[in-house]
Each structure stands twice: as C-alpha cells, then as structure tokens.
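Examining the three-dimensional arrangement
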There are 2 protein chains.
Amino acid sequence: MRERSHANLRLVRRRAMRHGSGVLSQKTRYAIRAMQHLADHYGQRIVPLSEIAEAQKIPPKFLTVILSELTRFGIVESQRGKDGGYRLSIPPIDITYGDLIRVMRGSLALVPCASRFAHEKCKNCLEEHDCRTRALMLQVRDATAELLDGVRLSDPIQPVGDEDIGAAAPQAKA
Amino acid sequence: MRERSHANLRLVRRRAMRHGSGVLSQKTRYAIRAMQHLADHYGQRIVPLSEIAEAQKIPPKFLTVILSELTRFGIVESQRGKDGGYRLSIPPIDITYGDLIRVMRGSLALVPCASRFAHEKCKNCLEEHDCRTRALMLQVRDATAELLDGVRLSDPIQPVGDEDIGAAAPQAKA
DNA sequence: ATATTCTCAACCAATCTTGTTGACAATATG
DNA sequence: CATATTGTCAACAAGATTGGTTGAGAATAT
C-alpha cells in the first residue's frame, strides 16, 4: 500500500461534506420503511396506510404514491374498503434490500453502463476513457448487489453502535 | 441460498430499467475523464482546457466550471496566459477513483448516516426502523470505498468485453 | 346507504442538473 | 507596452427531479 500523505487528499475526506444527500432518495427510504413495517406483520393482518404512515412517520399522502407504486409492481397487495390496507404479496424472506432499491430506483449501478439488468450504453461513454472505469464500476455494482441481496426483509435488526461508524470493514485502512 | 422463484421478483430485474440515470452525475463523469486526461500527461506538460474538452468531448464552458472546482480543491493546478492550462498537483498514483467521487459528490454512501467522513444523522432515520439498515449501508459503503480506493488514476485501462457484464472477476483477465 | 380505505392523475414549489454568457484577471510574446 | 491567449468567477436559465399535496373517484364491509 502506498503512503498518500498529500494534505489535499487527506482533506478530501473532511471537506467533502457539501451536500449530504446520499444516493437513496427519501422516497426510496420511505419505501424501505414501509416494506419493513409490512414485513413485521406478514401473515398476521392487513395493515392500513394510516398505520404505516403514523408508525413510520411518513407523510400519508406521499405514502399513498409509494404504496400504489409497490402495489402496481406486484410486490405488495392491497385491499380496499373497511378494514382494508396492504400486505406483502411475497414472504419477506424472499425480498432482499437489493430488490427494494432496484424497484424504487431502477438499478444499483453507479453508471448506467455498469448496470447488469438495466444496462444501457452510456451516450457519453468515450470508449477509451470513461470506459476505462467500467471494469471498476462493474466490480462496485457486483459487490453492492451481493451485500444488498444478502439481507432480507425478514432479517432481524443488526444494531450498529455510534462508535462503529466506518469500522465495519475488517481490514480498514489506517 | 434460497430459491426465490417469485415471478414478480424475477421481473424486478428486467422491469426496473426505468430511468437509466445512475448514481454518478454527468459532471462527475466529466471530471473523471478530465482527470484521466491530466493523469496521462502528468510530468510532461501543462494541458489547456480546450484540448481536454476536445479530446474528452466535454462542453468547454462546462469544463471550465469543473476544472475550476478541482483547482479550488487543490487537486489540480492551473496556469494562466499563453501556453497555460492545467496539471495535476498530485501524482496520479496518489489519486484514487474514490477520491474523485468524494470530491465531486461529497460521499460514497448510499445514505448520509452511512457516510464515514461526511457523516450526518439522517433527520428521517427512525431509530428502530430506517437504522435497521444502517449496518448494511455501512457495509456497502465500505465495500464500495475499498474497491474505488483500490484503483488509481495512474492505473492502466482495464478492458471489459461486452460479454463481461456482471462477471467482474478482479484479476481474472489476461 | 354510508363510512372506510385504496387509486390515480394533476398539480406545485424547491432544488438540482447541465450547461451558457460575459466580464475580468493573469501571463507570454513581440 | 500592446495584444493575444488562457484561466476565473458570478450570474443566468431551461429542463428534470424531488418531495410532496389536492381532489375526484372506485371498491368494499357493515
């Protein structure tokens, strides 16, 4: 391993906190929470939107849009009328977090041309330059998919202490 | 491994090609290409913006913005006037793709609370629900970082055939 | 019939993305 | 010094995306 002691690059990490948006949209995160809530009641009862909204602190009208989308997709079933609501149409052990993210945002890949399923040639991929990174992007996609598809909606909470930020890599670099 | 033969979920992968945007913005991809171009001429000469723009097919005025940003950041040095241009201020072997992405988009993490350096508590992280995924998000972040920081601007092209989509064996190729 | 619950298209403000314009600052050359 | 060249920077702008809301239905249980 090389030293890399340049002040500028050491600063990258600290300074680079400009827009803390993250990759997953709020909608996707809401969807994950809603699905977790449904998973917790799978096989027990149908859960009305209002309950999910309240428990998961999701704006109810927005949740309407999200759940309709998931329902249209077929991963959730709905029942109308009195005592209606939603339930998973698939056992939670058969739904991975990777599936949820793919459903909501279309792909796990960093760049379109590195998506395994939603693959499309980047219009702006210079063959010899941008695609210089394609092997790398594919590796990232695959590693991401392997992790995200390794955890299922039925899996228990994996607690993370506040001290554990960034410690999750066994061989973390100094 | 579980079976997971549900038609819906098998469909996820095919159907989920809705908005092929990807995680990395066009600006970030331009920045990577520009940096690759500078890396290719590191130690040789100063490269004017117009050359980068033409070679990498980046709108020159937009490249202006990008290179100024990189220069302000200190990762690139500029020279004005006749025969001016840009050069890396750090040897390309000391710049990883992870660095570039962090510089341009602030973090590698899927969600803000899973960023190691640009960490911030998600305002919308229900302690017991959203954070149910935090351990997972941290693993993804770390795996991503390890891969992206393992390849440097000085590294040679890693060709990927069209057949190799998703195959991504790190050191398999001749 | 009525109350309850999901459905869905349309709309909206704010922000982000992808650029462009144009005035200005620095520098090399003659 | 004059001038051409090249980077700097703030402002603008069209279009897309995000994060929602509104409101008019449609289905269903009682």
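Because the structure is predicted, anything quoted here is derived from the model rather than measured. (Residues numbered from 1 in each chain as written. Chains lettered and ligands numbered in written order. Predicted model: local features only at pLDDT ≥ 70, side-chain atom pairs only at ≥ 80, totals over all residues. Heavy atoms only, no water.)

Things to note about the protein's contact with DNA strand C
Note the threshold: To be near a molecule or strand, a residue needs just one of its heavy atoms within 4 Å of it. Under this definition, polar contacts are N or O atom pairs within 3.5 Å; protein pairs additionally need one hydrogen-donor-capable and one acceptor-capable atom, and for neighbouring residues in sequence, both atoms have to be side-chain atoms. Strands are runs of DSSP state E lasting at least 2 residues, helices are runs of H or I lasting at least 4, and numbering of each runs from the N terminus.
Around DNA strand C, the surrounding shell holds 27 residues, and the nearest of these are Leu49, Ser78, Arg80 and Tyr86 of chain A together with Arg80 of chain B. When the atoms of DNA strand C within 4 Å of the protein are sorted by group, sugar and phosphate make up 75%. Within the side chain of Ser78 of chain A, one N or O atom sits 2.7 Å away from a phosphate oxygen of DNA strand C. Tyr30 of chain B is positioned such that a nitrogen or oxygen atom in its side chain is 3.2 Å from a phosphate oxygen of DNA strand C. Elements represented by at least two residues in the surface near DNA strand C include exactly helix H4 (60-73), strand E1 (76-79) and strand E2 (85-88) of chain A together with helix H2 (26-40) and helix H4 (60-73) of chain B.

Structural notes on the protein's contact with DNA strand D
Put simply, the rule is: Under the scheme applied here, ten amino acids are nonpolar (Ala, Val, Leu, Ile, Met, Phe, Trp, Tyr, Cys and Pro), four are charged (Asp, Glu, Lys and Arg), and all others, including Gly, are polar.
The immediate surroundings of DNA strand D are formed by 27 residues, with Arg80 of chain A together with Leu49, Ser78, Arg80 and Tyr86 of chain B found nearest. A share of 76% is what sugar and phosphate atoms reach among the atoms of DNA strand D within 4 Å of the protein. Interatomic distance of 2.7 Å between a side-chain N/O atom of Ser78 of chain B and a phosphate oxygen of DNA strand D. For the surface near DNA strand D, the per-class residue count stands at 7 nonpolar, 12 polar and 8 charged.

Focus: the confidence of the model for chain A
Residues and elements named next belong to chain A. For clarity, the threshold we go by: Looking at any residue, its pLDDT shows the predictor's confidence there, from 0 to 100. Contacts: residue pairs with any heavy atoms within 4.5 Å of one another.
The share of residues in chain A with pLDDT of 70 or more is 76%, and the mean pLDDT across the chain is 83. Contacts from residues 1-5, a stretch scored under 50 in pLDDT, to residues over four places away or in other chains number 10 contacts. Note that pLDDT drops below 50 for residues 163-174; the model gives that stretch 16 contacts with residues more than four away or on any other chain.

Considerations on the pairing of strand E1 (residues 76-79) of chain B
To be explicit about the condition: Two strands make a pair as long as DSSP finds a minimum of two bridges between them.
Inspection of the sheet shows E1 of chain B paired to strand E2 (residues 85-88) of chain B by 4 bridges, in the antiparallel sense. Within E2 of chain B, the residue paired with Glu77 of chain B across the bridge is Arg87 of chain B.

Points about helix H3 (residues 49-56) of chain B
Residue and element names in this part refer to chain B. What counts here: Here the term buried applies to any residue with accessible area under 20% of the maximum for its type, exposed to any over 50%, and partly exposed to those in between, with areas from a 1.4 Å probe on protein chains only. Throughout, the arc means the angular range of directions from the helix axis out to the C-beta atoms.
When H3 is considered as a whole, its buried residues turn out to be Leu49, Ile52, Ala53 and Gln56. Seen end-on, H3 carries its buried residues on one side only, within an arc spanning 100°. Opposite the buried face of H3, at more than 90 degrees from it, the exposed residues are Ser50 and Glu54. Summarising the contacts, the buried residues of H3 are in contact with H2, H4 and E2. Downstream of H3 by one or two residues, Lys57 has phi in the positive range, about 55°.

Thoughts on the side chain of Arg134 of chain B
With respect to the helices and strands, the residue Arg134 of chain B is situated in helix H6 (residues 134-148). Accessibility expressed as a relative area gives 7% for Arg134 of chain B, which makes it buried.

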